[in-house]
Amino acid sequence: MSPVLPLSGLVAIAGSRRGSPWPVAPVVALVLASGGAVRVGDQRGVDWAVRQACPSALVVRASQFPGPPKAQLAQRTRAVVLGHPALGLPPASCLLVFPPEGGAPALGPGSSLALRLALEAGLPVWVAGEPRPSGAGWVPLALAGVPGWALPSLQPSLF
């Protein structure tokens, strides 16, 4: 169990449609071994790898949302990370991101949106691989032997 990431909660996972050079399956196995549940989108690449590693993953489908395809994908990404009360989806406890080759600077629009939404909501975030994501506060953290960078929760403390 990671001290900076609540892997025992509902963990949102996002990543490249082209896949990621960093292995997804061991990290998903760590989430499950920590007592966590997984929520992911319905695309190819990292989403597909997550669904293969965790057949019980809660899959949020873009087709569940109205509008043109681009709007559906954005709404799907928002629901994966922040939840969707009308669909009975609570917010995620943290976000794990698997970028393509080139790391966080090479994230596509969906993964970038997921990362931005999580950061704005103050959720803890982990990004696989190198280079270190931009901004202050990122700490090196390997999950299941997969190197990455974590940004602990930005939620204000109640105590």
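Computed from a prediction, not measured in an experiment: that's the story for all the values here. (Residues numbered from 1 in each chain as written. Predicted model: local features only at pLDDT ≥ 70, side-chain atom pairs only at ≥ 80, totals over all residues. Heavy atoms only, no water.)

Draft legend 1. Quick look at helix α2 (residues 46–53). Regarding α2, the residues found buried are Val46, Asp47 and Val50. Around the axis of α2, the buried residues are gathered within 105 degrees of arc, so they sit on the same side. Where α2 is buried, its residues contact β1 (10–15), α1 (25–33), β2 (37–40), α3 (69–82) and β4 (94–98). (Buried < 20%, exposed > 50% of the residue type's maximum accessible area, 1.4 Å probe, protein only. Helix = DSSP H or I, 4+ residues; strand = E, 2+ residues; numbered from the N terminus. Arc of directions from axis to C-beta. Contact = heavy atoms within 4.5 Å.)

Draft legend 2. Highlighting unusual backbone geometry. Following Glu130, the chain continues into Pro131 via a peptide bond in cis, with omega recorded as -5 degrees. Tracing the backbone shows Pro131 in the loop between β5 (125–128) and β6 (139–140). One non-glycine residue, Ala144, adopts positive backbone phi at about 55 degrees. Tracing the chain through its elements places Ala144 in the loop between β6 and β7 (148–151).

Draft legend 3. Main features of the side chain of Arg76. Mapped onto the fold, Arg76 is located in helix α3. With a relative accessible area of 6%, Arg76 lands in the buried category. For Arg76, the contacting residues outside a window of four places in its chain are Gly41, Asp42, Gln43, Asp47, Val60, Arg61, Ala62 and Phe65.

Purely geometric numbers; function is a separate question.
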